[in-house]
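Chain by chain, the residues run as shown.
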Amino acid sequence: MFANQALRPWWYLLVAVLLALLPWASPNPYYVNLAQEVAILAIAGIGLNILLGLSGQISLGQAGFFAVSAYGSALLSLRLGWPLAASVMLGVIMSGLAGLVVGSIALRARTHYLAMVTLAFGFIVGILAQRWTGFTGGSMGLVGVPPLNWGDPRSAARNFLWTAAALFLAVQITSDFVMQSRSGRVLRTISESESFAATVGINAAAWRVGAFVVSAMLAGLAGALFAHQSGYVSSDAFNLDRSLAMLIVVVVGGLGHRYGPVLGAVFLVAMNQAIADLYTYSNFIFGALLLAVMVFLPDGLSGLGALVRRKRPASLRRNEAGPGAPGVGDIVNLPLIAVARGEPLLQLQQVSKSYFGLAALSDVSMTVRAGTVHALIGPNGAGKSTLINTICGLYRADSGVIRLAEHDITQWPAHRRARLGLARTFQNLQLIGGLSVIENVMLGVPDRGGVVKAFVSWLCGRPFESEQRARARALLGFLGIEGFADVSPGDLSYGHRKLAELARALAGQPQLMLLDEPIAGINEEESRLIAAGIGRLREAGVTILLVEHDMPFVMSVADEITVLDYGQKIAFGAPDAVRANPVVVEAYLGVETA
Ligand code: ADP
Ligand code: MG
């Protein structure tokens, strides 16, 4: 699952040839029609797979997007005489706009509310189609919609199949790329944790809406093909059943799997044939089927392959022939740091933050100077994690000012702060389970907008995203865990996961790293690895603000220490001065040694 799979050109070529030959191979035009249906359903399914399988947003209203484009393209070609290429394209764009609207509304909703919002959209479109008869023809339908064909009318069915199949292949290939490239990783990340996504610079809202637009456009492409398949469009075609059919396609095929939608589409069309006589029971049968798949086969038909292929244990090749452990210089490229060593990099002025009236931070002012390691210590509940969260933007300060280099970032959203070079690790670890270790680290590498270049390289079978991958691998090597690059983070020990997080935080060449308890809860050997890593970063001049309870570690690594107690700064200074400060001993250190 985690392997970096290239395009499979021969595989696709074979499919293309089979589809091209189907009209001749099949004695019965009926099968050509079924193949057309599979292609249409698979295109819509791929859209829903991106939305639900990757970004984790459910839609029960895909039939609405399908209908917008079906009517749009049908009417443009029928009433205004537009050529089909243009009417289909505009229909797809109209569906995309509908996706933009629904996706923006959906931003305010989660889980079951999201299901209801999309369901409502599907109903609204369905009712409009039925009642706005002057425009849509209602359930009587629009008759005489120009069928999609080029050339001889006798070859219409064949030509339509070729067109639909070519479009399906193009969509499938693009979706394959999405699944294996940064976009797919970003979507999977958002579906696991939006707030975490923001801390690595991802604008989750934009991506969520984007997923809606793409899925709506693909549903729209399917809808337009449908309209020009039979030459007849009626409102009966756009009810809840169609939305559910698309859901069945992706769930039965296997959510988030590259070939899930096409497997599901073949299955659904075949199933419809098989139970054609039991038409009255079809809803019952499909409902039972959906439940059974969700309970017994969570990866759908795509999961069957994995069951057959015996699960291989994750191979933990530790530090096998790599490019050799990179030096710190390869890892941190200091030019990003805009502030001279020793000058203030991060400044907090009277920052306060309370939760429901409980003051977690009260007027905290502090300065972290560039190129130093600054430790934040204090008893449990002192407000250290709150301070880190307020700095990185997961929480907004109630009052006060936060400056990073020359920017006032107080009101910036977290993803914007991350892009400026604020990277962090979490007290309770944040790694994305749906991605491999190296892919998690690659999340930290900033996106420099090379999507087109990556897509072209991938199409040509060349390595793509290789810089990000190489950088992530070098970082894993730097921290001594390169051998775990391709396994799931869930298979790592707690300490190795902490190291993987540290690698991800380093990946973006951060100006400032915020480390929340980097060596808490791990064994001595691992904690030595992390301490050594931090020491090397410090030598390289990386600025670090860290929270840690381990006093010997703090004393050895910190240049300056700020002490918090009950949300207030009670001391600041060099390690020796802080250790000798009676207020600190009373509030914190005394407790530690007692
Ligand atoms: P520390 O990291 O120093 O142990 P925290 O910043 O986690 O302290 O917590 C400071 C105070 O704020 C504690 O009293 C804690 O219970 C409270 N607190 C922290 N996070 C939340 C939250 N999300 N909602 C409500 N209270 C919180
Ligand atoms: Mg904490």
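Everything discussed here concerns the structure shown above.
Basis of the calculations
- Residues numbered from 1 in each chain as written.
- Chains lettered and ligands numbered in written order.
- Predicted model: local features only at pLDDT ≥ 70, side-chain atom pairs only at ≥ 80, totals over all residues.
- Heavy atoms only, no water.
- Helix = DSSP H or I, 4+ residues; strand = E, 2+ residues; numbered from the N terminus.
- Contact = heavy atoms within 4.5 Å.
- Areas by Shrake-Rupley, 256 points an atom, 1.4 Å probe, with all protein chains shown as cover.
- Lys, Arg positive; Asp, Glu negative; His and termini not counted.
- Charge placed at Lys NZ, Arg CZ, Asp CG, Glu CD.
- Phe/Tyr/Trp six-rings, centres within 6.5 Å; stacked < 30°, edge-to-face > 60°.
- Buried < 20%, exposed > 50% of the residue type's maximum accessible area, 1.4 Å probe, protein only.
- Lys NZ or Arg CZ within 6 Å of the ring centre and 35° of its normal.
- Right-handed = clockwise from strand over helix to strand, strands pointing away.
- Donors = N, O, S within 2.8 Å, 3.2 Å for Na, K, Ca; no water.
- Axes fitted to C-alpha atoms, helices over the stretch in contact; angles between N-to-C directions.
- Parallel < 35°, antiparallel > 145°, perpendicular 65-115°, else oblique.
- Left-handed = near helix turned anticlockwise from the far one by under 90°.
- Nonpolar A, V, L, I, M, F, W, Y, C, P; charged D, E, K, R; others polar.
- Pairing = 2+ DSSP bridges.
- Salt bridge = Lys/Arg side-chain N within 4 Å of Asp/Glu carboxyl O.
- Near = heavy atom within 4 Å.
- Polar contact = N/O pair within 3.5 Å; in protein donor to acceptor, adjacent residues only side chain to side chain.

**A few points about the overall build of the chain**
Here is step 1: Scanning the chain for helices and strands turns up 25 helices and 12 strands.
Here is step 2: Along the first, second and third principal axes, the C-alpha atoms of the chain reach 95 × 55 × 45 Å.
Here is step 3: Taking as baseline every contact in the chain between residues at least 6 positions apart, the subset at least 24 positions apart corresponds to 75%.
Here is step 4: About 26300 Å² of surface is accessible on the chain, with carbon and sulfur atoms providing 62% of the total.
Here is step 5: Between the centroid of the 43 positive side chains of the chain and the centroid of its 38 negative side chains there is a distance of 7 Å.

**Section: the packing of aromatic side chains**
In this description, a pair of aromatic rings is defined by centroid distance and the angle of the planes.
Here is step 1: Tallying each qualifying case throughout the model produces 13 aromatic pairs.
Here is step 2: Geometrically, the ring pair formed by Y30 and Y31 is edge-to-face, given 6.1 Å between the ring centres and 70° between the ring planes.
Here is step 3: Here Y31 falls in the partly exposed class, since its relative accessible area comes to 46%.
Here is step 4: Between the aromatic rings of F455 and W458, the centroid separation amounts to 6.0 Å while the plane-to-plane angle is 20°, which identifies the pairing as stacked. Of this pair, F455 and W458 are both found in helix α19 (residues 451–459), three residues apart, which corresponds to roughly one turn of the helix.
Here is step 5: In this structure F455 comes out as partly exposed when scored by relative accessible area, which is 23%.
Here is step 6: Here a set of aromatic residues connected by ring pairs shows up, and it is made of F66, Y71, F226 and F238.
Here is step 7: Over the ring of F226 we find R242, and its NZ or CZ is 4.6 Å from the ring centre.

**Regarding the pairing of strand β10 (residues 543–547)**
Here is step 1: With five of five residues buried, β10 lies mostly within the body of the structure.
Here is step 2: Here β10 shows two buried faces, one formed by T543, L545 and V547 and the other by I544 and L546.
Here is step 3: Each parallel crossover has a hand, and for strand β9 (residues 512–516) linked through helix α22 (residues 524–540) to β10 it is right-handed.

**Section: the coordination of the magnesium ion (ligand 2)**
Here is step 1: For the magnesium ion (ligand 2), the full set of protein donor atoms is S385 (OG) and Q427 (OE1), at a range of 2.1 to 2.2 Å. You can see S385 sitting in helix α16 (residues 384–392) and its partner Q427 sitting in the loop between β8 (422–425) and α18 (437–443), a full 42 residues away along the chain.
Here is step 2: Classification of Q427 by relative accessible area gives partly exposed; the value is 30%.

**Section: the packing of helix α20 (residues 466–478) against helix α21 (residues 494–507)**
Here is step 1: Remark: α20 packs on α21, axes separated minimally by 9 Å, with the N-to-C direction vectors making an angle of 135°. Considered as vectors, α20 and α21 are oriented oblique to each other. Read as a crossing pair, α20 and α21 show a hand that is right-handed. Mapping the contact onto sequence places R471, L475, L476 and F478 in α20 and A503, L506 and A507 in α21.
Here is step 2: Residues that form the contact of α20 with α21 fall into these classes: six nonpolar, no polar and one charged.

**Quick word on the sheet that holds β9**
Here is step 1: Strand order in the open sheet made by the six strands is β8-β9-β10-β5-β11-β12, with mixed pairing throughout. Both outer strands of the open sheet, β8 and β12 (568–573), are each paired with one neighbouring strand and no more. Each adjacent strand pair in this sheet contributes to an overall mean axis angle of 15°, direction not counted.
Here is step 2: As paired strands, β9 and β10 are joined by five bridges and run parallel to one another. The partner of L512 across the bridge, within β10, is T543.
Here is step 3: The sheet strands contacting α16 are β5 (373–377), β8, β9, β10 and β11 (560–565), and the helix crosses β8 at an angle near 150°.
Here is step 4: Along the sheet face, α21 touches β8 and β9 and points at about 175° away from the line of β8.

**So, the pattern of salt bridges**
Here is step 1: Throughout the structure, instances matching the rule amount to eight salt bridges.
Here is step 2: R504 is the salt-bridge partner of E501, the closest N and O atoms lying 3.2 Å from each other. Of this pair, E501 and R504 both sit in helix α21, three residues apart, which is roughly one turn of the helix.
Here is step 3: You can call R504 buried: its relative accessible area is 2%.

**Concerning the sheet that holds strand β7 (residues 407–408)**
Here is step 1: Taken together, the four strands give an open sheet; going across it, the order is β4-β3-β6-β7, and neighbouring strands pair in antiparallel fashion. The open sheet has two free edges, formed respectively by β4 (358–369) and β7, since each of these has just one partner strand.
Here is step 2: Here eight bridges tie strand β3 (residues 344–355) to β4, and the two strands are oriented antiparallel to one another. Its bridge partner being in β4, P344 is matched across the sheet by R369.
Here is step 3: Strands β3, β4 and β6 (399–404) of the sheet are contacted by α16, whose axis makes an angle of about 115° with β3.

**Quick look at the environment of L545**
Here is step 1: Secondary-structure assignment places L545 in strand β10.
Here is step 2: By relative accessible area, L545 is classed as buried at 0%.
Here is step 3: For the pair L545 and A42, spaced 503 residues apart in sequence, the C-alpha separation works out to 50 Å.
Here is step 4: In this view, L545 contacts L346, M366, V368, H374, L376, I388, I391, L512, M513, L514 and L515; residues no more than four positions away in its chain are not counted.

**Let's talk about the site of ligand 1**
Here is step 1: Lining the immediate surroundings of ligand 1 are Y355, L358, A360, P379, N380, G381, A382, G383, K384, S385, T386 and Y395.
Here is step 2: Here an oxygen atom of ligand 1 sits 2.8 Å away from a polar atom, N or O, in the main chain of G381.
Here is step 3: Contacts to ligand 1 include A382, whose backbone N or O atom sits 3.2 Å from an oxygen atom.
Here is step 4: Burial of ligand 1 by the protein chains amounts to 63% of its free accessible area of 560 Å².
Here is step 5: Within the residue set of the shell around ligand 1, elements represented by two or more residues are β4 and α16.
Here is step 6: The dominant element in the shell around ligand 1, judged by the number of residues it contributes, is α16, at three residues.

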